[in-house]
Amino acid sequence: MAIDVDKLAYRYEELRSERANWESTWRECAELFNPGRYRDDTETNAHRIPLVNPKLVNSKGILAMRSMASGMQGGMASPVRPWFRLVAKGDPQFIPDGVNAWLDRVTQVMTAVLHQSNFYNATHTLYSDIGTFGTGLLVETANEDGIYFHLVRCGEYVLDINGNDEVDTFFRRLYMTPRQILDRWENAPDLPDFIKRSRERKVMTTERYDVIHAVFPRTDFKPAKRLTVESKPFASVYYLPGGSSGHGTGKACILEEGGFDMFPAFAPRWDVSGSDVYGRSPAMDVLPDCKMLQAMTTTLRKTQHKIADPPLVADQSLRATGVKLIPGGLSFFDSTRTGTTPVAPIHQPEAAALQTVMTAIQEVEQNIDDGLYVDLFRMMLEDQRSRITATEVNAKERERIVMLGPVVERLHKELFDPVIRRTFALMQEWGAMPTPPEGVDALDVDVSFESALAQAQRQVTTSNIEAGFAFIGQAAAAVPEILDIVDTDAMGRAYLDRINMPSSVIREESAVEEIREQRAQAAAQQQQMETMNQGVNQLVDATKAMENMSNTNISGQNALEALTSGLGAIR
């Protein structure tokens, strides 16, 4: 069934209306923390507005957000160290041989694919979007050249969620010139005439028009029709909305209709209250501090300016000649007038007042750093060693990292896990997947994260295992039976799982049992050989003793003859 463009446009306007309550807060947060990342979708000159806030007098918010974004990238998905691996779901003893090694190979290839794309550049900016606005939107597409990620600016998209509070719908605004529209959709059947005629002009106009891209679940999904757009679970529609020039002209029309097998966008949120569509951000929490910081910095600069260049009062006699206040300036006054000062400051703040203002500003700046976790991320970024792992984070910092636990889990669920799964599917679709082991047709794959922050979350539980093992080891010296209460195999596997040891280097339970059986057999054979050798040695010793006795002369008889004759006498 064809898409009704009028209903689609009406739904877009409804979602924009629901989003309206967030827009003023987003605008304020952008001005103080992330200039240039907010675009009002009603602005017709958004591509020409300045990218900085001319009213900004203290850049602490921008610098703190920059540190947070860099720290999130280094802690969540660093381009210089492994941060994920693919593992097979299910009981390890039922996983076919070679699967774990193949999944490790797929992880390596996928890592290379992500490096070749713009994934890390896009996610770095995405972190600042999440930290500033509480929500971000990243769209992943693929073609014969590879994978590409489109980062949509705040204000240019609207979202909707399903019954599980998962984002499954987005509309984004593309503000395009006629040339751009014709380059992509010149053969669209409903393309307006004023767009088509633009090529006939001597100079193509730079006037821009709204193009809306909508992606949403299909209600008329028909999986049996494999070669039609209805066979895709998610519809993808580009359309020109109706309205006045700049936002569409005349009747709304569809430019392109397609679809996706998987939802192609990722809309991670920092924190969500209830069933809200959009998330809250740490920048919103410290927004009052950043506003106050601007006012306090303005006062500080005025105070410093007054100290360096205070307002002056001058003797009336200098009115005619004036006063030269520049360095080396020479002024003349009537020396016969006594008891007067030719020029003097009329108001000059005390240094103590200046120090009070500076101390207050430092306290507010520290509040902003705390709200954006700057100190935590700075600890991770400024470490002078070549590598830092979760085991190197001391207990105090580990507790602070745990505060980010809900955020880390939400980003895993709403961003990284979907990215890995969609990239896995795209690699299969475009033939970039390594050849699987023989007999593996379908495999349920899970994603295990091993970034610094993810490992730090697990490190809390590994410390319990370490403490328990140390206690058991000490107690076993006095009471060996205490070892019976601990399943050392389960303890070891749990510990290795929490530190993300690659599954390909961990032996399966069946392999461990086989090794132990072989070791037991070898030990039994060794014991048997030692017993046999002991018997042989005893026989050799007895033989040598008899030889020695036969060679010993006792009263004309050797010792052996004397011993046997004695035995006869006993009979």
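No experiment lies behind these values; they were computed from the predicted model shown.

Two orientations exist for strands paired in a sheet by backbone hydrogen bonds: parallel and antiparallel. Taken in spatial order, the three strands of this open sheet run 3-2-9, and their pairing is antiparallel. The open sheet is flanked by strand 3 (146–152) and strand 9 (265–266), the only strands paired with a single partner. Looking at chain direction, strand 2 (residues 137–143) and strand 9 are connected through two bridges and run antiparallel. Residue pairing in the sheet places V139 in a bridge with A265 of strand 9. Against the sheet, helix 4 (residues 119–133) makes contact with strand 2 and strand 3, and its axis sits at roughly 20° relative to strand 3, the strand it touches most. Here helix 12 (residues 405–429) sits on the sheet and contacts strand 2, strand 3 and strand 9; the angle it forms with strand 2, its principal contact strand, is near 10°.

This structure, assessed with the given rule, holds 15 aromatic pairs. Each ring, one from F194 and one from Y209, has its centre 5.3 Å from the other, and the planes form 50°; the classification is tilted. Here the residue F194 occupies a position in helix 6 (residues 193–196), and Y209 occupies one in strand 6 (residues 209–217), the gap between them amounting to 15 residues. The exposure classification of F194 matches that of Y209, with both residues buried. Each residue in the set W83, F84, F119, Y120, F149, F416 and F449 is aromatic and connected to the rest through ring pairs, giving one cluster. Directly above the ring of Y238 sits R184, whose terminal nitrogen or CZ lies 5.0 Å from the centroid.

For the rest of this paragraph, the subject is helix 9 (residues 351–371). An ideal rise of 1.5 Å per residue puts 30 Å on 21 residues; helix 9 measures up with 31 Å between its terminal C-alpha atoms. Listed in full, the buried residues belonging to helix 9 are L354, I361, V364, I368 and D369. Within helix 9, the buried residues cover an arc of 150° as seen down the axis, which keeps them to one side. Counted as exposed and oriented over 90 degrees from the buried face of helix 9: A352, T356 and E363.

In this section: the sheet that holds strand 6. The strand order across the open sheet built from five strands is 4-5-6-7-8, with neighbouring strands paired in antiparallel fashion. The open sheet has two edge strands with one neighbour each: strand 4 (157–161) and strand 8 (253–260). For this sheet the average axis-to-axis angle between neighbouring strands, irrespective of direction, equals 15°. Of the strand pairs in this sheet, strand 5 (residues 167–176) and strand 6 are connected by seven bridges, and their pairing is antiparallel. Looking at strand 6, one finds that R172 is bridged to H213. Running over the sheet, helix 1 (residues 5–33) touches strand 4, strand 5, strand 6, strand 7 (234–240) and strand 8 and is turned about 95° from strand 4. Packing against the sheet, helix 5 (residues 178–185) makes contact with strand 5, strand 6, strand 7 and strand 8, and its axis sits at approximately 125° to strand 5.

Turning to its location among the elements, R39 is positioned in the loop between helix 1 and helix 2 (60–76). No salt bridge is formed by the buried R39; the nearest opposite charge belongs to E156, separated by 5.2 Å. From its side chain, R39 meets the backbone oxygen of G36 in a polar contact 3.2 Å long.

Mean pLDDT over the chain works out to 81, with 78% of the residues at or above the 70 mark. Considering only residues more than four positions removed or in separate chains, one finds that residues 244–248, a stretch of pLDDT under 50, has 19 contacts.

The next thing to look at is the pattern of salt bridges. For the structure shown, the criterion picks out 21 salt bridges. For R269, the salt bridge goes to E414, with nearest N and O atoms at 2.8 Å. Linking R269 in the loop between strand 9 and helix 7 (282–285) with E414 in helix 12, this pair joins segments that are 145 residues apart in sequence. Accessibility classification places R269 together with E414 in one group, the buried group.

With respect to the helices and strands, M296 occurs in helix 8 (residues 287–308). Residues M296 and V57 lie 239 residues apart in sequence; the distance between their C-alpha atoms is 9.6 Å. Filtering out sequence-adjacent residues up to four positions away, M296 remains in contact with V357, A360, I361 and V364.

This brings us to helix 8. Compared with an ideal rise of 1.5 Å per residue, which puts 22 residues at 32 Å, helix 8 spans 32 Å between its outermost C-alpha atoms and is within 8% of the ideal. In the core, the buried residues of helix 8 are packed alongside helix 1, helix 2, helix 7 and helix 9.

Turning our eyes to something else, we now look at the environment of G274. In this structure, G274 sits in the loop between strand 9 and helix 7. For the pair G274 and D165, spaced 109 residues apart in the sequence, the C-alpha separation amounts to 8.8 Å.

Here we come to unusual backbone geometry. Of note, D165 is a non-glycine position whose phi angle comes to about 60°, a positive value. Among the structural elements, D165 can be located in the loop between strand 4 and strand 5. Phi at Y373 takes a positive value of approximately 60°, unusual for a residue other than glycine. Tracing the sequence through the fold places Y373 in the loop between helix 9 and helix 10 (374–381). Note on Y373: relative accessible area 18%, which makes it buried.

Time to look at a negative patch on the surface. On the surface, D91, E509, E513, E514 and E517 cluster together into a patch of negative charge. Among the structural elements, E517 can be located in helix 15 (residues 509–550). Look at E517 and you get partly exposed, because its relative accessible area is 49%.

Right, let's get into the packing of helix 4 against helix 12. The geometry of helix 4 relative to helix 12 is characterised by a closest axis approach of 14 Å and an angle of 165° between their N-to-C directions. Judged by the inter-axis angle, helix 4 sits roughly antiparallel to helix 12. Judged by the twist between their axes, the crossing of helix 4 over helix 12 is right-handed. On the side of helix 4, the interface is formed by F119, L126, Y127 and I130, while helix 12 contributes L411, L415, F416 and V419.

What counts, and at which threshold
- Residues numbered from 1 in each chain as written.
- Predicted model: local features only at pLDDT ≥ 70, side-chain atom pairs only at ≥ 80, totals over all residues.
- Heavy atoms only, no water.
- Pairing = 2+ DSSP bridges.
- Helix = DSSP H or I, 4+ residues; strand = E, 2+ residues; numbered from the N terminus.
- Contact = heavy atoms within 4.5 Å.
- Axes fitted to C-alpha atoms, helices over the stretch in contact; angles between N-to-C directions.
- Phe/Tyr/Trp six-rings, centres within 6.5 Å; stacked < 30°, edge-to-face > 60°.
- Buried < 20%, exposed > 50% of the residue type's maximum accessible area, 1.4 Å probe, protein only.
- Lys NZ or Arg CZ within 6 Å of the ring centre and 35° of its normal.
- Expected span 1.5 Å × (residues − 1).
- Arc of directions from axis to C-beta.
- Lys, Arg positive; Asp, Glu negative; His and termini not counted.
- Salt bridge = Lys/Arg side-chain N within 4 Å of Asp/Glu carboxyl O.
- Polar contact = N/O pair within 3.5 Å; in protein donor to acceptor, adjacent residues only side chain to side chain.
- pLDDT = per-residue confidence, 0-100.
- Patch = residues over 30% accessible without salt bridge, like charges linked within 9 Å, V, L, I, M, F, W, Y side chains within 5 Å.
- Areas by Shrake-Rupley, 256 points an atom, 1.4 Å probe, with all protein chains shown as cover.
- Charge placed at Lys NZ, Arg CZ, Asp CG, Glu CD.
- Parallel < 35°, antiparallel > 145°, perpendicular 65-115°, else oblique.
- Left-handed = near helix turned anticlockwise from the far one by under 90°.

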